[in-house]
Structure formats: structure tokens, C-alpha cells
Amino acid sequence: MWGDKRYHTLNYELRKEFGQKVMKLSLDGGFTCPNRDGTIGNRGCIFCGEEGSGEFAGSRTLSIEEQIWQQKKFLSNKWNTDKYIAYFQNFTNTYSSYEDLRDKYFEAISQEGVVGLAIATRPDCMSKQVLELLTELNQKTYLWIELGLQTIHESTAKFIRRGYALEIYERAIQELKDRNIKVVTHLIFGLPGESKKDILNSVKHLANTDTWGVKFHLLYIQKGTDLYQYYFKYPFPILNREEYISLVVDGLELLPKEMVVHRLTGDGKRDLLFEPRWSLDKLKVLSGIDKEFKSRNSYQGLISIVSNYSNIYQD
Ligand code: SF4
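The structure reproduced in this document is the subject of the present report. If you're wondering where the values come from, they're calculated on a predicted model, not measured in any experiment.

Attention now moves to the site of the ligand. Taken together, 8 residues are adjacent to the ligand, and Cys33, Gly44, Cys45, Cys48 and Arg122 come closest. Its residues assigned to classes, the shell around the ligand shows 5 nonpolar, 2 polar and 1 charged.

In C-alpha cells, the structure reads:
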């Protein structure tokens, strides 16, 4: 239905839009995060590592132009493409002065081959000025904004120290929708205290929002994070590969067909990842998802088509 996949991949969507393979260049804009600098919190989200939410971005000691050059060079060994999305990944990428943000975004989109811009941020960092800037960018390039919601459940949000309520996300997504700006929402599967039903209720919630795309993450316990300390004091169940695959397929069945799936596996750093170690074999996870779809003879949107979801997922 979407090339060789049973779900609507970003690769499929970008090929449709640009007629060829498009790669993302992960950038570090040198920003911080209000959940780390003391504005909302000092220690950040419980799972967040020292390098923020983007572990594979370029170095913040380099300019945006230099990072783009370096990332292109790195990717050229693996992929034959000349079209790129500049992806501001680390920390909160709308959390700076208007001038600083403007300079960096425009520096990124003016580089050769850059056909689009992706900006990862928090829904509580969407001031009027930021929204104006994003509106301007949206007219100039292929833009999407990524929001790390992780869960719709307030008790879990408190536990992970997300630092904003669900209504803030709802408001941000509406503001962006009103401006025709695409949104990608992140969810984490396997957060402590959440059942299968809780996780799939978060997915169902997303399915009924105006999010354009989704990223499903598996919860990582990374060395050096507060979650790592917590796990030793209060061990909690960790999803195994089969459980994760089954949940991902359940979740994709609930999403509308037009929602673009940006990611289904994470990119934890090998030496920092404590658990789950099985996640390092990304290909096995992805091929497991394909196999599970085939064995169910299913595809993204199956359940969103045949039901209004009510009472599907009970414990
Ligand atoms: S919002 Fe992102 S960068 Fe900030 S603490 Fe949470 S995960 Fe880390």
C-alpha cells in the first residue's frame, strides 16, 4: 500500500513529495531547554540524557552551515541523494531569541540541496513571535514541527517530569494547524506504570488530533539519566521485543491511513544504552513489525476504518 510497507512511512511520503530519496540532516542549534535551565525544571525529563533528546546530531561547536556540510559528507557514503531536510533535533529548538532562531533556520534552508526543515520542540515554547516565524518559514520551505508528547496520561507526565499539561499540547497543535503547519507527535511505549490499554489510549488520542505524523519510541534506560537511577531503586517491567512489536502494530492499526509514520524504533547510543539491549538490532524490530502485519493480514488504519475505537482495548 505504501511501497513495500503496510504503514505510511516518511520515506514513502517524501518520495511522493520530492520524487526521490530525501535524507534528514540532524543539527544541534546550540539551544537549551526550559525543563533543564531552571525555567520549568533543572533536571529535564526523567529519561533525557546530557545531550538532550538528539543523540546523533552535529556538534554545537560548529555553525549550521558546517554541520550541514559535515552531515552531507557522512551520509554520502551510504546514500545516493542530493535532497535533504535540515532537522533541528537537540533540546528545544524554538527556545531562543527571535533573531537567533531566524538566523539559524534561514542559514539551514539556504544550503544547497536543503528542501525542507524539521524543528523539534516543546508545545509550551510556541510564542506568538515563534508562530509568526514558523508561518513565514512554512511559506518558503517544506516544514514540520515535532512535539514530544510521550503520553496523554497526566500521572505519567508528572512522573517523567514533562512539565506541561495535555491542554498545552492541544492548544499548540491547534495553533499550528490554523497556520497549515505540519506537526509530528512523539509517543513513548513502555513508560513505568502504563498498561497496554494506557499506551493504546494515547495512540487513539493522537489518531483523533490533527497531527500529520507520529514517532513511536520504545522507552530507553540510558546510563547517566535519572531514569537509570530510578530503575535500580524501583525496577519496573521492560517491554520485550515481541511485546513491543505487537503494540506497535496495534497502534498503527488505530491510526488514519494518511498519518505519516516517521519512526518506529529508536536510536539509542550503544555504549549508553542500559536496557532494553534487544533494541540495538533495529532491523530485527522493523522486520518483526512487517511480519506481524503480514500474519494479521493487517495494515495501518485497519481499525480506524472499521470502528470508532470504543471499547477496543480493555485490560
Ligand atoms: S523536553 Fe526534550 S530536551 Fe527538554 S528535558 Fe525533556 S527530553 Fe530533554
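Another point: the environment of Leu187. Structurally, the position occupied by Leu187 is in strand E5 (residues 182-189). Expressed as a C-alpha distance, the spacing of Leu187 and Thr156, which sit 31 residues apart in the sequence, is 12 Å. Non-local contacts of Leu187, meaning those with residues more than four positions away in its chain, are made with Leu149, Gln150, Thr151, Ser202, Val203, Leu206, Lys215, Phe216 and His217.

Across all of its chains, the model carries 19 aromatic pairs by this definition. Linked through ring pairs, Phe159, Tyr228, Tyr230, Tyr231, Phe232, Tyr234, Phe236 and Phe274 together constitute an aromatic cluster. When the ring centre of Trp79 is taken as origin, the NZ or CZ atom of Lys21, which lies over that ring, is 4.5 Å away. If you follow Lys182 out to its NZ or CZ, it ends over the ring of Trp212, 5.6 Å from the centre.

The next thing to look at is the sheet that holds E5. In spatial order, the strands read E1-E2-E3-E4-E5-E6-E8; together these 7 strands make up an open sheet with parallel pairing. If you trace the sheet from one side to the other, it starts and ends with strand E1 (23-27) and strand E8 (260-263), each paired once. Taken pair by pair, the neighbouring strands of this sheet meet at an average axis angle of 25°, ignoring direction. This element, helix H2 (residues 64-76), spans E1, strand E2 (84-88) and strand E3 (114-121) of the sheet and lies at about 135° to E1. Docked against the sheet, helix H3 (residues 98-109) engages E1, E2 and E3, running at close to 145° with respect to E3.

Where a protein is soluble and globular, its nonpolar side chains tend to be buried together. Counting 67 residues, the largest nonpolar core has Leu117, Leu134, Phe189 and Phe216 as its most contacted members. Of the residues forming this core, the biggest block, 7 residues, is contributed by helix H9 (residues 241-254).

On to the side chain of Thr9. Counting through the fold element by element, Thr9 comes out in the segment before helix H1 (10-18). Within polar-contact distance, the side chain of Thr9 engages the backbone nitrogen of Tyr12 at 3.0 Å. Each residue touching Thr9, except ones within four places of it in the same chain, is listed here: Val260 and Val261.

By secondary structure assignment, the location of Glu258 is in the loop between H9 and E8. Sequence spacing of Glu258 and Tyr7 is 251 residues, and the spatial spacing of their C-alpha atoms is 9.5 Å. Among residues more than four places away in sequence, those in contact with Glu258 are His8 and Trp212.

We now examine the packing of H2 against H3. Viewed as axis vectors pointing N to C, H2 and H3 meet at an angle of 35°, and their least axial separation amounts to 9 Å. By crossing handedness, the relation of H2 to H3 is classed as right-handed. The residues of H3 that touch H2, namely those facing Ile64, Glu65 and Ile68, are Lys104, Glu107 and Ala108. When the residues that make up the contact of H2 with H3 are grouped by side-chain class, the tally is 3 nonpolar, no polar and 3 charged.

For the α-helix, the turn length of 3.6 residues means that residues three or four positions removed from each other point alike. Taking 1.5 Å of rise per residue, 12 residues should cover 16 Å, and helix H7 (residues 196-207) covers 16 Å from first to last C-alpha, within 8% of that figure. Considering only its buried residues, H7 is in contact with strand E4 (142-150), helix H6 (166-178), E5, strand E6 (213-218) and H9.

What counts as what
Residues numbered from 1 in each chain as written. Predicted model: local features only at pLDDT ≥ 70, side-chain atom pairs only at ≥ 80, totals over all residues. Heavy atoms only, no water. Near = heavy atom within 4 Å. Nonpolar A, V, L, I, M, F, W, Y, C, P; charged D, E, K, R; others polar. Helix = DSSP H or I, 4+ residues; strand = E, 2+ residues; numbered from the N terminus. Contact = heavy atoms within 4.5 Å. Phe/Tyr/Trp six-rings, centres within 6.5 Å; stacked < 30°, edge-to-face > 60°. Lys NZ or Arg CZ within 6 Å of the ring centre and 35° of its normal. Pairing = 2+ DSSP bridges. Axes fitted to C-alpha atoms, helices over the stretch in contact; angles between N-to-C directions. Core = buried A, V, L, I, M, F, W, Y, C linked by side-chain atoms within 4.5 Å. Buried < 20%, exposed > 50% of the residue type's maximum accessible area, 1.4 Å probe, protein only. Polar contact = N/O pair within 3.5 Å; in protein donor to acceptor, adjacent residues only side chain to side chain. Left-handed = near helix turned anticlockwise from the far one by under 90°. Expected span 1.5 Å × (residues − 1).

Bear in mind that shape data such as this cannot, by itself, settle questions of function.
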